[in-house]
Amino acid sequence: MDNRPLRKDAERNRRRILDAADAVFAAEGLGATLESIAEKADVSIGTLYRRFPTREALVEALFEEKVDRILGWAAAGLENPDPWAGFTSYLWNTAASHAEDQGLGEVLMGSGLAQRKIEDLREKIVPLVTELVARAQAGGRLRQDFAPQDVPMLMCMVGAVARRAPGSWRRYLELLIEGLQGEAPLTVMPPTFSEAAGVFNRC
């Protein structure tokens, strides 16, 4: 990979392509044509291919920025003095990203693209989510038998609703969050992180 600094016009084109890809993939999913992205970016398809020779390269570059955003939501939740508000704000932000950004949802749910970035995200996000859960439980709002690996399963559920009834996912996330404050013991143990990841990649 060429890490030399780009000329200003080249960097400007790269930014325009990434912004266009963000909008197009969010609306149409990862199957959107690269020609439509080039058109939205107002660059030639040749310019797009010079910067991103494959769809994988484009998705990986775009997802790198989204990884930072997701990690930022978790970090902001940990900085919230209210542990429950910090935990639920992370759930809301993550659920919205699944529901409203089709391309991101497809990457996270096992499209086969940007796998290195997904692995990097998982490695970094697990300790943050574990701490969010522990704080919310210590604060007395989150049920004690909730496990950090339940979070991706919840996102899988919300994502499924969003794909079939886009206007309804907020209602069902609200219902899920209300249920997370219950006290009646659950009868089924949580999956392992590996099992949760496997299900998440197929949902």
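Please read all numbers here as calculations on a predicted model, not as lab measurements. (Residues numbered from 1 in each chain as written. Predicted model: local features only at pLDDT ≥ 70, side-chain atom pairs only at ≥ 80, totals over all residues. Heavy atoms only, no water.)

**Concerning the overall build of the protein**
In step 1: Tallying secondary structure elements over the protein gives 10 helices and 0 strands in all.
In step 2: Tracing the protein from N to C terminus, the helices and strands come up as α-α-α-α-α-α-α-α-α-α.
In step 3: In terms of overall dimensions, the protein has C-alpha extents of about 60 × 35 × 25 Å along its principal axes.
In step 4: Counting all 203 residues of the protein, 41% fall into the buried class.
In step 5: Once local pairs closer than 6 in sequence are excluded, the contacts in the protein between residues at least 24 apart make up 75%.
In step 6: In the structure as shown, the protein presents an accessible area of about 11000 Å², 54% of it carried by carbon and sulfur atoms.
In step 7: Of the charged side chains in the protein, 25 are positive and 29 negative; the average position of the first set lies 5 Å away from that of the second. (Helix = DSSP H or I, 4+ residues; strand = E, 2+ residues; numbered from the N terminus. Buried < 20%, exposed > 50% of the residue type's maximum accessible area, 1.4 Å probe, protein only. Contact = heavy atoms within 4.5 Å. Areas by Shrake-Rupley, 256 points an atom, 1.4 Å probe, with all protein chains shown as cover. Lys, Arg positive; Asp, Glu negative; His and termini not counted. Charge placed at Lys NZ, Arg CZ, Asp CG, Glu CD.)

**Re the UniProt feature "domain: HTH tetR-type" (unreviewed entry) in the protein**
In step 1: When the UniProt feature table is mapped onto this chain, "domain: HTH tetR-type" (unreviewed entry) is found at residues 11-70.
In step 2: Secondary structure within residues 11-70 divides into 82% helix and 0% strand; the distance between the first and last C-alpha atoms comes to 24 Å. (UniProt positions renumbered as here; feature names shortened; annotations may be inferred.)

**Topic: the packing of helix H1 (residues 8-28) against helix H2 (residues 34-41)**
In step 1: Packing of H1 against H2 leaves a shortest axis separation of 8 Å and a crossing angle of 125°. Compared by their axis directions, H1 and H2 come out oblique. Regarding H1 and H2, the two cross each other, and that crossing is right-handed. Between H1 and H2, the residues in contact are Arg 16, Ile 17, Ala 20, Ala 21, Ala 23, Val 24 and Phe 25 and Ser 36, Ile 37, Lys 40 and Ala 41, respectively.
In step 2: For the contact of H1 with H2, a count of residues per class yields 8 nonpolar, 1 polar and 2 charged. (Axes fitted to C-alpha atoms, helices over the stretch in contact; angles between N-to-C directions. Parallel < 35°, antiparallel > 145°, perpendicular 65-115°, else oblique. Left-handed = near helix turned anticlockwise from the far one by under 90°. Nonpolar A, V, L, I, M, F, W, Y, C, P; charged D, E, K, R; others polar.)

**Quick notes on the packing of aromatic side chains**
In step 1: Inspection of every chain in the model, using the stated rule, returns 3 aromatic pairs.
In step 2: On the numbers, 5.9 Å between centres and 55° between planes, the contact of Trp 92 with Trp 169 is tilted. Here Trp 92 is found in helix H5 (residues 83-100), whereas its partner Trp 169 is found in helix H9 (residues 169-179), with 77 residues between them in sequence.
In step 3: What makes Trp 169 buried here is its relative accessible area of 3%.
In step 4: Aromatic ring contacts, followed pair by pair, group Trp 84, Phe 87 and Phe 146 into a single cluster.
In step 5: Seen from the ring of Tyr 172, Arg 171 lies directly overhead, with NZ or CZ sitting 5.8 Å from the centre. (Phe/Tyr/Trp six-rings, centres within 6.5 Å; stacked < 30°, edge-to-face > 60°. Lys NZ or Arg CZ within 6 Å of the ring centre and 35° of its normal.)

**Considerations on H2**
In step 1: Inspection of H2 places Leu 34, Ile 37, Ala 38 and Ala 41 among the buried residues, and these make up the whole buried set. Along the axis of H2, the buried positions cluster into a sector of 100°, meaning they face one direction only. Facing away from the buried surface of H2 by more than 90 degrees, the exposed residues are Glu 39 and Lys 40.
In step 2: Against H1, helix H3 (45-51) and helix H4 (55-79) lie the buried residues of H2. (Arc of directions from axis to C-beta.)

**Thoughts on the side chain of Gln 149**
In step 1: Within the secondary structure, Gln 149 is located in the loop between helix H7 (115-138) and helix H8 (150-164).
In step 2: Discounting chain neighbours no more than four positions away, the residues touching Gln 149 are Pro 190, Pro 191, Thr 192, Phe 193 and Ala 196.

**Things to note about the pattern of salt bridges**
In step 1: Tallied over the entire structure, the rule returns 8 salt bridges.
In step 2: Asp 42 is paired through a salt bridge with Arg 16; the nearest N and O atoms lie 3.5 Å apart. Highlighted residues: Asp 42 in the loop between H2 and H3 and Arg 16 in helix H1, separated in sequence by 26 residues.
In step 3: Exposure remark for Asp 42: the relative accessible area of 60% places this residue in the exposed category.
In step 4: Look at Arg 16 and you get partly exposed, because its relative accessible area is 32%.
In step 5: With a closest N to O distance of 2.7 Å, Asp 22 and Lys 66 form a salt bridge. Linking Asp 22 in helix H1 with Lys 66 in helix H4, this pair joins segments that are 44 residues apart in sequence.
In step 6: Residue classification places Asp 22 among the partly exposed residues on the basis of a relative accessible area of 24%.
In step 7: Among the charged side chains, a network of salt bridges with common partners joins Arg 15, Asp 19 and Glu 65. (Salt bridge = Lys/Arg side-chain N within 4 Å of Asp/Glu carboxyl O.)

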